[in-house]
Amino acid sequence: MIRDLPTTSTSAVVKELLQLRNEVGAMAMGRVLTLLVSVAEDEADDAIRAANDATRQHPARILVLVSADGRGRGRLDAQIRVGGDAGASEIIVLRLHGALTGQRAAVVTPLLLPDSPIVAWWPGEAPRDVASDPIGMMAHRRITDAAAAARSGVAELRRRSSTYRPGDTDLAWTRITRWRALLASTLESEPFEPVTAATVVAEPDDPSAELLGGWLAHALRTPVSIARGPQDCGLLSVRLERPSGSIDLVRHEDGTDTATLHRVNRMPRLVALHTPTLAESLAEEVRRLDADEVYAAALCEGTPLLTRRRSVREEEPGSRGPRPEVEVRVEDDAVAVAEAVTQQLVERVARAVSDRGQAHVVLTGGSMGQETMRALAARSRAGALSAEVWDHVHLWWGDERFVPAGDDDRNDAQADAAGLGDLPVLKKNIHRVPSGRDESRLAAAAARYAKELAASADSRRGSAATAGGVEVPTFDVVMLGVGPDAHVASLFPGRDELRLTDVSTAAVVDSPKPPPLRVSLTVPALNAARAVWLVVAGAEKAEAVSRSLAAYDDPQLPASWVRGQDETVWWLDRQAAPTG
Ligand SMILES: O=C(O)[C@H](O)[C@@H](O)[C@H](O)[C@H](O)COP(=O)(O)O
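All values derive from a computational prediction rather than experimental measurement.

Asks: Help me understand the overall build of the protein in this model?
Replies: Assigned secondary structure in the protein consists of 17 helices and 24 strands. Burial status across the protein gives 57% buried among its 580 residues. Contacts spanning at least 24 positions in sequence make up 74% of the contacts within the protein whose residues lie at least 6 apart. Split by element, the accessible area of the protein, about 23,600 Å² in all, is 50% carbon and sulfur.

Structure, rendered in structure tokens:
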């Protein structure tokens, strides 16, 4: 039953309410909780809906104070809903106009039940100090939502922290309950090792990430950094570093409410990671009346300890201005492409060694990986670079198939067969990706490769500052073959690995191109290179090439994500080159 009372008074509302309760058969009002909602007009409908849903599981009266229009004469419009129209209880909506907007506590007091608990909720903007606000002062608990504030969510949390009083809570905190539960249960299982550092990756200015980081910093007494992920990605991943390797909880961005938990020596585990709706979060908070001490510690003691990192891939398309320049070079056929590429490669290597004392080159697998290795071996045999130069050359792979050492399927074995052994490179400078066949060992292999990359990271990239992040040598040249689906390395279309921003390697399972298990460098690791060269031949690649050239960070076209710091070159044969 719904009763509208336009231009009314609080005493008239009380009278009407008593009468309605009699008519519909009043529910027991004894100790029922009152949810006091303070909201602006444009947010009122959503808030009432969420409050109604939330209190279906946990019966409560809902008293909504809508600040309609602050100008003009004071006026009160009311609406009362009881029975079926009010879910589990009763809803009283009070629309305040003019001077009455400043007297919300006085308006609402006659409608409160003696001795019954009060929870105050500000779905949008909240007062600076909620506990000192007249409405907040009446309440046992005060629920804010930093994510809904008009100003920066992180700045809003700082306010909450500086004015915190027991009983305060924030829905940005409630939204991470499941994250906390998953991380806590992972740490409670073997191996019981201390966490030495942690990183939370999230969209910029995400208050939930801030609170999760604060919780980790306080609970684990460890350095925690917040790294920027792509705009609008929400809370993306958490990495906990331990001596035996890291734990990574990575949310899937495909709307499935799932995540993958990666741990050393364990199979990656698919876990449910539901992001609660507004009503669900509210229901969780309405359920308790005691102060949330864990929230208090995360907010007040943890968040001030956080450090901030910019991810290497700093912003998303659109916010980054025009697409970076790429160069396209076309040769007659695959052999000519390999010739041209390796001619440039030896020049770059010589220059790098003379300028910086070493050269780091990333090799590709696939058909062009073999073609370029054959050409490079021939150049080396012809004396293209002196032994002193070769002594300072490091070779890496952009990806590797996770099969046993020496298996014909391995990219390094194919490079060996194509003449790698003819290059006078020091054995210790040939950085092969760890081999194996067992999926349970894949994450550890990726982690080991990341460690090896980090050990070669030069100081210019600030190894200390990037602990737990993308630590790789500044590659002089990264060569990448491109698949007909536009994959590069083992970064396949639409897959989560493409969006990793703060790890240098990814363990890939279920690769659409066989074999299924692979280790790949990530986009930030590849893009840390001075030069990224996409090396492609064959008509079957033409479509992938032209679509990738026209795109920019398209999740369906991994080749459109890679680019070098100084240059990005597409080396194509005629068949792969776009026509016209
Ligand atoms: O391990 C791999 O499969 C590769 O490293 C892969 O990224 C390759 O470079 C492309 O798939 C192109 O391969 P093709 O040139 O053989 O098509």
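Asks: I keep staring at the sheet that holds strand β24 (residues 567–573) and nothing clicks. Help me out?
Replies: Across a sheet, paired strands are connected by hydrogen bonds in the backbone, their directions being either parallel or antiparallel. Ordered by their spatial adjacency, 6 strands build an open sheet running β16-β24-β23-β20-β17-β18, and the pairing between neighbours is parallel. A strand with exactly one partner marks an edge of an open sheet, and here the two such strands are β16 (327–331) and β18 (393–397). Here the strands of the sheet are splayed against their neighbours by 20° on average, with no regard to which way each runs. In this fold helix α11 (residues 334–356) packs onto β16, β17 (359–363), β18, β20 (477–480), β23 (531–536) and β24, with an angle of close to 155° to the strand it touches most, β24.

Asks: Would you mind going over the site of the ligand with me for this structure?
Replies: Near the ligand lie 15 residues; those nearest to it are Ser367, Asp399, Arg401, His487 and Ala489. Contact distances for the ligand include 2.5 Å between an oxygen atom and a side-chain N or O atom of Ser367. Between the ligand and Ala489, the relevant distance is 2.7 Å, taken from an oxygen atom to a main-chain nitrogen or oxygen of the residue. Taken by itself the ligand offers 420 Å² of open surface, and the protein chains cover 91% of this. For the shell around the ligand, the secondary-structure elements that each account for two or more residues are α12 (366–381) and β19 (399–401).

Asks: How should a nonpolar patch on the surface be read in this particular structure?
Replies: Together, Val326, Val328 and Val330 make up a nonpolar patch on the protein surface, roughly 190 Å² of accessible area in all. Considering the arrangement of structural elements, one finds Val326 in the loop between β15 (307–309) and β16. Residue classification places Val326 among the partly exposed residues on the basis of a relative accessible area of 34%.

Asks: What's the story with the environment of Ala529 in this structure? I'm lost.
Replies: Structurally, Ala529 is set in the loop between α16 (523–527) and β23. For Ala529, a relative accessible area of 0% gives the class buried. Excluding anything up to four places from it in sequence, Ala529 contacts Phe475, Val478, Gly564, Gln565 and Asp566.

Asks: Explain helix α7 (residues 177–187) here, please?
Replies: The periodicity of an α-helix, 3.6 residues per turn, causes residues three or four positions apart to be oriented the same way. Within α7, burial applies to Trp179, Arg180, Leu182, Leu183 and Thr186. For α7, the arc enclosing every buried residue in end-on projection is 165°, short of the 170-degree limit, so these residues lie on one face.

Asks: Help me understand the packing of α11 against α12 in this model?
Replies: How two helices sit against one another is set out by the angle between their axes and by the gap between those axes. The interhelical angle for the contact between α11 and α12, taken along N-to-C directions, is 55°, at an axis separation of 8 Å. Classified by the interaxial angle, the pair formed by α11 and α12 is oblique. α12 is crossed by α11, and the crossing has right-handed handedness. Mapping the contact onto sequence places Ala334, Val335, Val337, Ala338, Glu339, Val341, Thr342, Gln343, Leu345 and Val346 in α11 and Met368, Glu371, Thr372, Ala375, Leu376 and Arg379 in α12. Of the residues assigned to the contact of α11 with α12, the class counts are 10 nonpolar, 3 polar and 3 charged.

Asks: Is there a simple way to explain the packing of helix α5 (residues 153–162) against helix α8 (residues 207–220) in this structure?
Replies: The interhelical angle for the contact between α5 and α8, taken along N-to-C directions, is 50°, at an axis separation of 8 Å. Classified by the interaxial angle, the pair formed by α5 and α8 is oblique. Along its contact with α5, which presents Gly153, Val154 and Leu157, the element α8 presents Pro207, Glu210 and Leu211. Looking at the contact of α5 with α8, its residues break down into 4 nonpolar, 1 polar and 1 charged.

Each value, and the rule that gives it
- Residues numbered from 1 in each chain as written.
- Predicted model: local features only at pLDDT ≥ 70, side-chain atom pairs only at ≥ 80, totals over all residues.
- Heavy atoms only, no water.
- Helix = DSSP H or I, 4+ residues; strand = E, 2+ residues; numbered from the N terminus.
- Buried < 20%, exposed > 50% of the residue type's maximum accessible area, 1.4 Å probe, protein only.
- Contact = heavy atoms within 4.5 Å.
- Areas by Shrake-Rupley, 256 points an atom, 1.4 Å probe, with all protein chains shown as cover.
- Pairing = 2+ DSSP bridges.
- Axes fitted to C-alpha atoms, helices over the stretch in contact; angles between N-to-C directions.
- Near = heavy atom within 4 Å.
- Polar contact = N/O pair within 3.5 Å; in protein donor to acceptor, adjacent residues only side chain to side chain.
- Patch = residues over 30% accessible without salt bridge, like charges linked within 9 Å, V, L, I, M, F, W, Y side chains within 5 Å.
- Salt bridge = Lys/Arg side-chain N within 4 Å of Asp/Glu carboxyl O.
- Arc of directions from axis to C-beta.
- Parallel < 35°, antiparallel > 145°, perpendicular 65-115°, else oblique.
- Left-handed = near helix turned anticlockwise from the far one by under 90°.
- Nonpolar A, V, L, I, M, F, W, Y, C, P; charged D, E, K, R; others polar.

Function-wise, these values are silent; they only describe arrangement.
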